[in-house]
Amino acid sequence: MMEKQMAKFVGVLALIAAGSLAAQTRPATPAAAKKWVAPRTSDGKPDLQGTWVNFDSTPFERPGPGGASGAPASASEGAPVAPGSGNEHALIFTDRKPLVEQRASMVVEPASGRVPLTPWAEQQRDYALTHVQDSWEYNTPWERCITRGIPAAIFPAGYNNGYQILQTPGQVVILYEMIHEARVIPVSNTATTRPHLPASLRLWNGDPRGHWEGDTLVVETTNFNGRSMIATSAATARIRSVPQTENARIVERFTRTGPDEIQYEVTIDDSKVATTPWKVAMPLVRDNSYRIFEYMCHEANQDFMEITLGGGRLKDKAAENAGNGK
Amino acid sequence: MPDRMTGKLSISPVRAAAMIAGLLLAIAPAAGQGVARAPGYTGPRTAAGKPDLNGIWQALNTAEWDLRPHAAAPPAVLAMGAAGAQPAGLGVVEGDEIPYKPEAAAKQKDNAAHWLTADPEVKCFLPGIPRATYMPFPFQIVQTPGYILMAYEYASASRSIPVAARKEAPQADSWMGDAYARWDGDTLVVDVAGFNEDTWFDRAGDFHSDALHVVERYTPLSRDAIQYEATIEDPKVFTRPWKISMPLYRHLEKNAQLLEFKCVEFVEQLMYGPLRKQTAK
């Protein structure tokens, strides 16, 4: 009996809601008719949920002083695809056609489309790249199957560029297909609700806090452990293996720009690594047919063990034998 | 918004209705119960009218050491002393025994004898189901009408589970299995298949094959406790299906959040140490 009464009550509510919704969405002018408004979650926030992908052929940076598109400016920068690094495949195949128009570069600030790396960052990167076969610690955390890092987890690689976003009141959760990481982002517009973790507690992927600026989800991440890298896949060319320090402050912006698109932007502020903050922008495209499978990584990291490290020791042996005149 | 599973109308006023209903039940216990709702659960519900399981949960038992009843035992690594010793536990297996086939029982004993080299946990491999649930780490449930995400702190394991009927047989074997969820009244039922044969159930060598099929049941007891049950079926290894059950408890810390246990970096020396370049010669 109460169910029936509730049903009536709910029905009336639904009518009222439908009326107000119609009033809201009815275009006041022809210009307003063009403005697309993101659908809302049950608690009234812009709805970012769904399965999104970013198969994208845009070069990470604009061509350097050296000329050719995406070509490294110095010899050492060619190292990202050093044979035996276990990473060549990232450039060789992509398992999907690009879904969005190619832009000049994913880096949109500074206007040069180039990351203003400091000499320290380049030196760190070059050292790591020339020592990848010596030990795991010179490899990116992606090759080690630890994490692709934040924001690197959303920089497209050759494959497995799938992301599922879920929302519940007070949080947005991003499931990154690669390395099966679920990133839980507390979201509140009251700064005191969830302060960041204490500075003494640091994580590979940092500590994210979100808030809404209009219809844009803004996520600020701090508390990094300083052991990650700002980009991990060969598709990021010159930036791959550039370190990310404990002082990195990452601000990401997620904005629904249409039924099937989120504009993603990230500003990376890490003064020891780049002389100014820099920004990457790219669309994420909805793909309801995309199926995220388990990204088993560490459990079968044979390339890493046999080619990267095992291959390195075989080279050592060969060099030793050559040195002994054998 | 109509609730997909029961067809009942359920928006926020229903929460109020549920509270009133709870009150009525308390006054007159015989007055009747909702068809789809367990009489015991009076905790919060989502906008869709389901018990709200959102939160950070953890088991509080020693099933990770041994699913069966077990006494305390000395450490496997001498240097760990009392800190590495096994705590005693009452066990979580219904009827206390795991119905191994004879040859499988022998393999379990062998696994137990070689725990440190054979347990996938030691290498930081994905834990599988149900083990992920009762490892000594928290996990988070993210509940939406269409998907239930379970994020485990251990090894950043995760499962994104569609709330839907299984559409097709699992396409590939996996560590965490291929899971689909449905609501049975107030109980979340998760059907998991498509496992590989590489995970264990505990540190005592309890194991399964790639024929493993697990049905998990998450029944909320209150706002802060869930009764967890897993029925384990694997005709290659066991003579019959068997069941484990245990409560899961909500983390009540005001600042509770999942942290990282990215254990790969803790096992690199163990797994790759001999392959590191020797520089000091």
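Let us look at the structure shown here. In this text the structure is predicted, and so the values were computed from the model without any measurement.

What counts and how
Residues numbered from 1 in each chain as written. Chains lettered and ligands numbered in written order. Predicted model: local features only at pLDDT ≥ 70, side-chain atom pairs only at ≥ 80, totals over all residues. Heavy atoms only, no water. Helix = DSSP H or I, 4+ residues; strand = E, 2+ residues; numbered from the N terminus. Buried < 20%, exposed > 50% of the residue type's maximum accessible area, 1.4 Å probe, protein only. Contact = heavy atoms within 4.5 Å. Areas by Shrake-Rupley, 256 points an atom, 1.4 Å probe, with all protein chains shown as cover. Pairing = 2+ DSSP bridges. Salt bridge = Lys/Arg side-chain N within 4 Å of Asp/Glu carboxyl O. Phe/Tyr/Trp six-rings, centres within 6.5 Å; stacked < 30°, edge-to-face > 60°. Lys NZ or Arg CZ within 6 Å of the ring centre and 35° of its normal. Buried area = accessible area lost by both parts, 1.4 Å probe. Nonpolar A, V, L, I, M, F, W, Y, C, P; charged D, E, K, R; others polar. Expected span 1.5 Å × (residues − 1). Arc of directions from axis to C-beta. Patch = residues over 30% accessible without salt bridge, like charges linked within 9 Å, V, L, I, M, F, W, Y side chains within 5 Å. Axes fitted to C-alpha atoms, helices over the stretch in contact; angles between N-to-C directions. Disulfide = S-S within 2.5 Å. Polar contact = N/O pair within 3.5 Å; in protein donor to acceptor, adjacent residues only side chain to side chain.

### A few points about the overall build of chain A
Point 1. On a plain count of helices and strands, chain A comes out with five helices and 10 strands.
Point 2. Evaluated residue by residue, chain A yields a buried proportion of 50% over its 326 residues.
Point 3. When contacts within chain A are restricted to residue pairs at least 6 apart in sequence, long-range pairs at least 24 apart make up 66% of them.
Point 4. With an accessible surface of roughly 14900 Å², chain A has 57% of that area assigned to carbon and sulfur atoms.

### Quick notes on the side chain of Thr221(A)
Residue and element names in this part refer to chain A.
Point 1. Note that Thr-221 resides in strand β7 (residues 216–222).
Point 2. Residue Thr-221 is classed as buried on the basis of its relative accessible area of 0%.
Point 3. The residues contacting Thr-221, other than those within four sequence positions of it, are Ile-150, Arg-183, Asn-205, Gly-206, Asp-207, Pro-208, Ala-248, Arg-249, Ile-250 and Glu-252.

### Thoughts on the pairing of strand β3 (residues 162–168) of chain A
Residue and element names in this part refer to chain A.
Point 1. Summarising burial for β3: seven of the seven residues are buried, a large majority.
Point 2. Across the two faces of β3 the burial is the same, with Gly-162, Gln-164, Leu-166 and Thr-168 and Tyr-163, Ile-165 and Gln-167 all buried.
Point 3. Here strand β1 (residues 50–53) runs beside β3; their pairing, made up of four bridges, is antiparallel. By the bridge assignment for β3, Val-53 is matched with Gly-162.
Point 4. The pairing of β3 with strand β4 (residues 171–176) spans six bridges and is classified as antiparallel. Across the sheet, the residue bridging to Thr-168 is Gln-171, located in β4.
Point 5. In this structure, the hairpin formed by β3 and β4 is closed by a connection of two residues, where Gly-170 is found at a positive phi of approximately 85 degrees.

### Details of the pattern of salt bridges
Point 1. The tally for this structure, following the rule as stated, stands at 41 salt bridges over all chains.
Point 2. Lys262(B) is the salt-bridge partner of Glu181(A), the closest N and O atoms lying 2.3 Å from each other. With Glu181(A) in strand β5 (residues 181–186) and Lys262(B) in the loop between β9 (242–250) and α5 (264–272), this residue pair bridges two chains. Grouping residues by exposure puts Glu181(A) and Lys262(B) together as buried.

### Describing the packing of aromatic side chains
Point 1. By the definition in use, this model includes 22 aromatic pairs over all chains.
Point 2. Through a chain of ring-to-ring contacts, three or more aromatic side chains come together here, namely Tyr100(B), Phe201(B), Phe207(B), Phe238(B) and Trp242(B).
Point 3. Across from the ring centre of Phe207(B), 5.0 Å away, lies the NZ or CZ of Lys107(B), which sits over that ring.
Point 4. A cation sits over an aromatic face here: Arg276(B) above Trp136(A), 4.9 Å from the ring centre.

### Remarks on the interface of chain A and chain B
When the parts of a complex come together, some accessible area is lost, and that lost area is often taken as the interface size.
Point 1. Across the boundary between the two partners, chain A contributes 53 residues, which contact 52 residues of chain B.
Point 2. Taken together, both faces of the contact between chain A and chain B bury some 4300 Å²; the carbon and sulfur share is 62%.
Point 3. Its salt-bridge partner being Arg276(B), residue Glu137(A) comes within 2.2 Å of it at the nearest N-O pair.
Point 4. Elements with a minimum of two residues in the side of chain A that touches chain B: α1 (2–25), β3, β4, β5, β6 (207–213) and α5 (302–323) of chain A.
Point 5. Each residue belonging to the side of chain A that touches chain B can be placed in one class, and the counts come to 24 nonpolar, 14 polar and 15 charged.

### What to know about helix α2 (residues 102–113) of chain B
Given 3.6 residues to a turn, an α-helix orients residues that are three or four positions apart in the same direction.
Residues and elements named next belong to chain B.
Point 1. For α2, which comprises 12 residues, the first-to-last C-alpha distance of 17 Å matches the rise-based estimate of 16 Å (1.5 Å per residue) to within 8%.
Point 2. Regarding α2, the residues found buried are Ala-104, Gln-108 and Asn-111. On an axial view of α2, the arc spanned by its buried residues comes to 60 degrees, and they lie on one face. Turned more than 90 degrees away from the buried face of α2 sit Pro-102, Glu-103, Lys-109 and Ala-113, all of them exposed.
Point 3. Structurally, α2 contributes buried residues whose contacts are with α3 (115–118).

### Notes on a nonpolar patch on the surface
Point 1. Among the surface-exposed residues, Val77(B), Met80(B) and Leu116(B) lie close enough to one another that they form a single nonpolar patch of about 250 Å² accessible area.
Point 2. Structurally, the position occupied by Val77(B) is in the loop between β1 (55–59) and α2.

### Details of the sheet that holds strand β6 (residues 187–193) of chain B
Residues and elements named next belong to chain B.
Point 1. A sheet is described by the order of its strands in space; here nine strands give the open sequence β4-β3-β2-β1-β9-β8-β7-β6-β5, paired in antiparallel fashion. A single partner strand is all that each edge strand has here, and the edge strands are β4 (158–162) and β5 (178–184). Taken over all neighbouring pairs, the strand axes of this sheet differ in orientation by 25 degrees on average, direction set aside.
Point 2. Summarising the sheet, β6 and strand β7 (residues 213–222) pair through five bridges and their orientation is antiparallel. Across the sheet, residue Asp-191 finds its bridge partner in β7, namely Val-215.

### Overview of the state of the cysteines
Residues and elements named next belong to chain A.
Point 1. Tallying each qualifying case throughout the model produces two disulfides over all chains.
Point 2. The disulfide partner of Cys-145 is Cys-297, and the S-S distance across this bridge is 1.9 Å. Between Cys-145 and Cys-297 the disulfide shows an S-S torsion of about -75 degrees. By sign, it is left-handed. Remark: Cys-297 occurs in the loop between β10 (278–286) and α5 and Cys-145 occurs in the loop between α4 (119–130) and β3; sequence separation between them is 152 residues.

### Comments concerning the side chain of Asn223(A)
All names here are of chain A.
Point 1. Inspection of the secondary structure assignment puts Asn-223 in the loop between β7 and β8 (249–258).
Point 2. With a relative accessible area of 7%, Asn-223 lands in the buried category.
Point 3. Polar side-chain contacts of Asn-223 include one of 3.0 Å to the backbone oxygen of Pro-198.
Point 4. For Asn-223, the side chain forms a polar contact with the side chain of Thr-222, separated by 2.8 Å.
Point 5. Setting aside anything within four residues of it in sequence, one finds Asn-223 in contact with His-196, Leu-197, Pro-198, Ala-199, Leu-201, Arg-202, Leu-203, Gly-206 and Asp-207.

### Re the environment of Pro247(B)
Residues and elements named next belong to chain B.
Point 1. Topologically, Pro-247 is positioned in strand β9.
Point 2. Remark: the alpha-carbon pair of Pro-247 and Gln-227, spanning 20 residues in sequence, is separated by 4.4 Å.
Point 3. With near-sequence residues (within four places) excluded, Pro-247 lies in contact with Ala-59, Ile-226 and Gln-227.

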